[in-house]
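Residues per chain, in single letters:
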Amino acid sequence: MTLLLVANDGSLLRTVYLSLSESFSAKTLVVSSFLSASELASSFVEMIRSDSFNCVVYISGETRNTERMKLLNVFFPSFIACQCQSSGLPLLCLSSLAVFGIPHSTPVQESSDRNPCCIYGNTKNQFDLFLLNSLDNLCATVLMPGSIINPNSRHCLFLKWSKFIKSCPPLFFALRFITLPGFLPCIHIDDLASIITSEVTALLDRHSSSVEKSAVFKICSFDLPLALIFSSIVRRSSFIVLPPIPVSLVSSLTFFLPSSIKKKIVLAFSAVSFEASYPSLSKRCYGRLDSYLESFSK
């Protein structure tokens, strides 16, 4: 089986490629930040015509630049999806938990209401809706990961939090005594690569069967307690963990705040959880992330 992996250059590309290569013959189309929409489309069509692929895996995307978000989160994946449908190729791609915006209830499931509150979440949701409403004969799997944790990256979220908390003595001191009840929805980069590989196998099986062709969405995220993260940073467990506050109450109290800030407060104080499609993910994440978090206390 030969796969075409479309991705930005970086650690996610390398990690997923290594994982896929253990089970498949994988070729890559690296999305350069300098390529235009027409150049990306031409490159993809040229690769599809030059080789016999059995599946396309799209894990490219943009999180910062607005114009690139429209290109890599909406236009290019939509173009690839249309090409896959016309060529009879199954497609695996990444969405995001950002499509749900500010949760109205917990736990959040794949079928929960979507109300993205940022440009990134909105562009991801546009593509998801395109798959659901415009492509009836495409066999696709859409994974919805939380924050991707890469311990080897200098941009790792935990490192940013650690630097910020340690640079603010009052906050550092406060977190040694009291902490928040919420969770960080996240996934270790190695676990995401492993899930992508297993889901490609399942997707190929579904595509070759008589099962109705459609897009299947799956949450792949682990609810990492904020208390565990903070205790690793401040080098001790807090005496008090605040009780979770109902989502509706937090939303009412923060109605005047910008959506991006309101969402962070809801996730921090309401203990919102995301119902993942992979029960064993929590054990793997704890095993991987615990050892990594311990580095903060050294």
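Going along each chain's sequence as written, the residues are numbered from 1 onward. Selection of residues for local features in this predicted model requires a pLDDT of at least 70, selection of side-chain atom pairs for listing and counting requires 80 or more, and totals for whole chains, interfaces and linings are taken over all residues. Think of the side-chain values as coming from all heavy atoms in the structure, minus any hydrogens and water.

Visitor: Before we move on, can you summarise the overall build of the chain with the specific residues and values?
Guide: The number of helices and strands found in the chain is 11 helices and 11 strands. Only C-alpha atoms enter the radius of gyration; for comparison, a globular chain is expected to reach 2.2 Å times N to the power 0.38, where N is the number of residues. A compact globule built from 298 residues should have a C-alpha radius of gyration of about 19 Å, and the chain, at 20 Å, falls within 12% of that. Overall size of the chain, expressed as C-alpha extent along the three principal axes, is 60 × 40 × 40 Å. What makes two residues a contact is simply this: any of their non-hydrogen atoms within 4.5 Å. Pairs at least 24 residues apart make up 80% of the contacts formed inside the chain by residues separated by at least 6 positions. Within the chain, one finds 25 positive and 20 negative side-chain charges whose respective centroids are separated by 10 Å. Per the convention used, a helix needs a DSSP run of H or I reaching at least four residues, while a strand needs a run of E reaching at least two, with both numbered from the N terminus. Charged residues are defined narrowly, with Lys and Arg counted positive, Asp and Glu counted negative, and His plus the chain ends left uncounted. The location of each charge is read from NZ of Lys, CZ of Arg, CG of Asp or CD of Glu.

Visitor: Tell me about the packing of aromatic side chains, residues and numbers included.
Guide: Think of a pair of aromatic rings as described by two things: how far the centres are apart, and how the planes are tilted against each other in angle. Pairing of aromatic rings covers Phe, Tyr and Trp, the last counted by its six-membered ring, and requires centre-to-centre distances within 6.5 Å; plane angles under 30 degrees mean stacked, over 60 mean edge-to-face, and any other angle means tilted. Evaluation of the coordinates by the stated rule reveals 8 aromatic pairs. On the basis of an interplanar angle of 90 degrees and a centroid distance of 6.5 Å, the ring pair of Phe44 and Phe76 is categorised as edge-to-face. A residue pair is termed long-range when its members are at least 10 positions apart, and Phe44 in helix α2 (residues 37-50) and Phe76 in helix α3 (residues 66-87) qualify at 32 residues. Exposure remark for Phe44: the relative accessible area of 1% places this residue in the buried category. Summary of the burial criterion: residues with accessible area below 20% of their type's maximum are buried, those above 50% are exposed, and those between are partly exposed, where the area comes from a 1.4 Å probe applied to protein chains only. A relative accessible area of 0% places Phe76 in the buried class.

Visitor: An account of the sheet that holds strand β6 (residues 147-149) is requested, with residue identities and associated values reported.
Guide: A pair of strands is treated as paired once DSSP finds two or more bridges between them. A sheet is described by the order of its strands in space; here 3 strands give the open sequence β6-β8-β10, paired in mixed fashion. This sheet does not close on itself; its edge strands, each paired only once, are β6 and β10 (222-225). The sheet shows a mean angle of 55 degrees between the axes of neighbouring strands, direction not considered. Relative to β10, strand β8 (residues 183-188) is paired through 4 bridges, and the arrangement is antiparallel. From the neighbouring strand, Pro185 faces β10, where its bridge partner is Asp223. Every axis in this analysis is a line fitted to C-alpha atoms, fitted for helices over the stretch in contact. Angles between the N-to-C directions lie between 0 and 180 degrees. Helix α7 (residues 189-208) rests against β6 and β8 of the sheet, and its axis sits at about 60 degrees to β8.

Visitor: Before we move on, could you go through the packing of helix α5 (residues 157-166) against helix α8 (residues 226-234) and cite the residues and values that matter?
Guide: Pairs of packed helices are described in terms of their axes, by the angle between the two and the distance that separates them. Direction vectors running N to C along α5 and α8 enclose 55 degrees, while the axes themselves pass 10 Å from each other. With respect to their mutual orientation, α5 and α8 come out oblique. The crossing of α5 and α8 is right-handed. Contacts between α5 and α8 pair Phe158, Trp161, Ser162, Ile165 and Lys166 from the former with Leu226, Ile229, Phe230, Ile233 and Val234 from the latter. Basically, the charged four are Asp, Glu, Lys and Arg, the nonpolar ten are Ala, Val, Leu, Ile, Met, Phe, Trp, Tyr, Cys and Pro, and anything else, Gly included, counts as polar. Grouping the amino acids of the contact of α5 with α8 by side-chain chemistry returns 8 nonpolar, 1 polar and 1 charged. Any angle that is under 35 degrees is reported as roughly parallel, and any over 145 degrees as roughly antiparallel; angles of 65 to 115 degrees are reported as roughly perpendicular and all others as oblique. A crossing counts as left-handed when the near helix is turned anticlockwise from the far one by less than a right angle, and as right-handed when that turn is clockwise.

Visitor: With reference to specific residues and values, describe the sheet that holds strand β9 (residues 215-220).
Guide: Spatial strand order, β2-β1-β3-β4-β5-β9: 6 strands in an open sheet with parallel pairing. With partners counted over all chains shown, the strands left at the sheet margins are β2 (25-31) and β9, one partner each. Across this sheet, the average inter-strand angle for adjacent strands is 15 degrees, counted without regard to direction. As paired strands, strand β1 (residues 2-8) and strand β3 (residues 55-58) are joined by 4 bridges and run parallel to one another. The partner of Val6 across the bridge, within β3, is Tyr58.

Visitor: Could you give me a rundown of the pattern of salt bridges, with the residues and numbers involved?
Guide: It is possible for side chains bearing opposite charge to pair when their charged atoms get close. In what follows, salt bridge is the name for a side-chain nitrogen of Lys or Arg lying within 4 Å of a carboxyl oxygen of Asp or Glu. In this structure the tally under the stated criterion is 5 salt bridges. Asp51 is the salt-bridge partner of Lys27, the closest N and O atoms lying 2.2 Å from each other. Of the two residues, Lys27 sits in strand β2 while Asp51 sits in the loop between α2 and β3, which places them 24 residues apart along the sequence. Judged by its relative accessible area of 36%, Lys27 falls in the partly exposed class. Measuring nitrogen to oxygen at the nearest pair gives 3.0 Å for the salt bridge that ties Glu199 to Lys218. Taken together, the positions of Glu199 in helix α7 and Lys218 in strand β9 put the pair 19 residues apart, joining distant regions of the chain. By relative accessible area, Glu199 is classed as buried at 6%.

Visitor: Describe the state of the cysteines, listing the residues and the values that go with them.
Guide: To count as a disulfide, a pair of cysteine sulfur atoms needs to be within 2.5 Å. A full pass over the atoms with the stated rule returns 0 disulfides. The structure places no disulfide on Cys117, whose sulfur is separated from the nearest cysteine sulfur, that of Cys118, by 5.3 Å.

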